[in-house]
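# A closer look at the structure
Below are the chains, spelled out letter by letter.
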Amino acid sequence: MSLINVQGVVLKYIKLGESDKIITLLTDKLGKIDAVAHGARRTKSKFMASTQPFCYGEYQLHKGKNLYTISQSNIINSFQTILMDLDKVAYGMYFLELIDNITENEVKSISILALILKTLYILTHDEVDLRLLRLVFDFKAISISGYMPQIVNCVKCGRRIKEGYFSINRGGMICTDCKDNQAVYGINKETLNNLHIIKNIKLENLRNIKYDEKSINYLQNIMTKYILYQTETDFKSLSILDKIKR
Ligand SMILES: [Zn+2]
C-alpha cells in the first residue's frame, strides 16, 4: 500500500453510503482528486471538520483501484469563519465551484491552488467589496486556466485598442472597424481602463482601489457570460449569488 501526503483545499463533497463522504480535494502534489473519507459524516469522526468545503489541510492518502482514501488529516486553516456571513458563504461556494469547473482531475496547478487560498484568506480576514473580489478572482481564474481575455489589442485585426466592444466568442476586445453582429458589449475608455486594473491588480491590494459600482456590475455581467461560454457548465452557486444585493 503506497501512502502519499498532500496539502489541499476541500472543494466539495458527496455523501457515500451511511456515513462516508467522497471529497473533491485540490492538492499541491496531485492536482484535483476525489478521496473517500470513511465515517466522515459521523459527528464524532476525526474527519468531520477536515472534510468540510473551504478546509485547507494536510491529508495522508492511499490509492485504491479507483479512488484515494484518506487515512489521516490535519487542518491547516479551516476557513470556517466564512460560514458566519451568508454573503461570504455564497461567494465562497461560487469560488470553489468555479475552481472545480475549470480544473481537470489529476492535473497539477500550483497557481490555481495559490489563487483559491489567497482568495479564501481575504474572504475571512479583509473587508473587501465582495463584488470586486469576485470580478478579480474570475479574471485570474479564467486566465490561469488558459482563457485570458485579450484586452490590449483587437482580437481580429491586432490593432492596439482604446475602446470598442467585448466579444464573448472571440475572447476579447474588438475594434469599431472589426465589429461583427455577434454578441458584443460596448466598452468605453474608462471601462477598458477598469478592465486593465482588474487584470493587473494583486488580490492583496484590492482594499486600496477605488472603483465605480456601475462599471463593476457591467464588467461582471460580461465576465460571467464569458466564463459560462468557456466552461460550458452550469453553476449551481450562481443563482444564489445573483440574489445577493450588497
Ligand atoms: Zn480590429
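Preceding this paragraph is the structure being described.
Right, let's talk about the pairing of strand 5 (residues 68-77) for a bit. With two bridges joining them, strand 3 (residues 31-37) and strand 5 adopt parallel strand pairing. The residue of strand 5 that forms the bridge with Ala35 is Tyr68. Judged from the eight bridges that link them, strand 4 (residues 56-63) and strand 5 form a sheet pairing that is antiparallel. Paired with Tyr56 across the two strands is Asn77, which belongs to strand 5.

Now for the nonpolar core. Among the nonpolar cores identified, the biggest contains 62 residues, and Ile116 and Leu133 are the most heavily contacted of them. Here this core spans two domains, since at least three of its residues come from each of domain 1 (3-78) and domain 2 (83-243). Among the nonpolar cores identified, the runner-up in size contains 15 residues, and Val10, Ile23, Phe47 and Tyr68 belong to it.

As a packed pair, helix 1 (residues 86-102) and helix 2 (residues 110-125) sit with axes 11 Å apart at the nearest point and diverge in direction by 180°. As the angle between them shows, helix 1 and helix 2 are arranged roughly antiparallel. Facing Lys88, Gly92, Phe95, Leu96, Ile99 and Ile102 of helix 1, the residues of helix 2 in contact are Ile112, Ile116, Thr119 and Leu123. A class-by-class count of the residues in the contact of helix 1 with helix 2 yields seven nonpolar, two polar and one charged.

Close contact between helix 3 (residues 130-147) and helix 4 (residues 189-200) brings their axes to 8 Å; oriented N to C, the two are set at 70°. In this view, helix 3 runs roughly perpendicular relative to helix 4, as classed from their interaxial angle. Here helix 3 and helix 4 pass one another in a crossing that is right-handed. Residues Leu135, Val136, Phe139 and Lys140 of helix 3 form the contact with helix 4, whose own contacting residues are Leu195, Ile198 and Lys199. Its residues assigned to classes, the contact of helix 3 with helix 4 comprises five nonpolar, no polar and two charged.

Moving on, we get to the sheet that holds strand 6 (residues 164-167). Read across the sheet, three strands follow the order 7-6-8 without closing on themselves; strand pairing throughout is antiparallel. The sheet is open, and its two edges are formed by strand 7 (172-174) and strand 8 (184-187), each paired on a single side. On average, each strand axis in the sheet is inclined to that of its neighbour by 40°, with strand direction left out of account. Running over the sheet, helix 5 (residues 213-231) touches strand 6 and strand 8 and is turned about 150° from strand 8.

What follows is about the coordination of the zinc ion. Coordination of the zinc ion by the protein comes from Cys154 (SG), Cys157 (SG), Cys175 (SG) and Cys178 (SG), over a distance range of 2.3 Å. Seen from the zinc ion, its four donor atoms lie at angles of 101 to 114°, and the figure they make is tetrahedral. Read in sequence order, the donor residues coordinating the zinc ion give the pattern C-x2-C-x17-C-x2-C. Remark: Cys175 occurs in the loop between strand 7 and strand 8 and Cys157 occurs in the loop between helix 3 and strand 6; sequence separation between them is 18 residues. A relative accessible area of 39% places Cys157 in the partly exposed class.

A word on the pairing of strand 6. Looking at chain direction, strand 6 and strand 8 are connected through four bridges and run antiparallel. Bridge assignment links Phe166 to a residue of strand 8, and that residue is Tyr185. By the bridge criterion, three bridges tie strand 6 to strand 7 in an arrangement that is antiparallel. Within strand 7, the residue paired with Tyr165 across the bridge is Ile174. The hairpin turn running from strand 6 into strand 7, its antiparallel successor, is four residues long, and Gly171 in that turn takes a positive phi close to 75°.

Thresholds applied
Residues numbered from 1 in each chain as written. Predicted model: local features only at pLDDT ≥ 70, side-chain atom pairs only at ≥ 80, totals over all residues. Heavy atoms only, no water. Pairing = 2+ DSSP bridges. Helix = DSSP H or I, 4+ residues; strand = E, 2+ residues; numbered from the N terminus. Core = buried A, V, L, I, M, F, W, Y, C linked by side-chain atoms within 4.5 Å. Buried < 20%, exposed > 50% of the residue type's maximum accessible area, 1.4 Å probe, protein only. Domains from an automatic or database assignment. Axes fitted to C-alpha atoms, helices over the stretch in contact; angles between N-to-C directions. Parallel < 35°, antiparallel > 145°, perpendicular 65-115°, else oblique. Contact = heavy atoms within 4.5 Å. Nonpolar A, V, L, I, M, F, W, Y, C, P; charged D, E, K, R; others polar. Left-handed = near helix turned anticlockwise from the far one by under 90°. Donors = N, O, S within 2.8 Å, 3.2 Å for Na, K, Ca; no water. Tetrahedral: all angles 85-135°; square planar, octahedral: opposite > 155°, others 65-115°.

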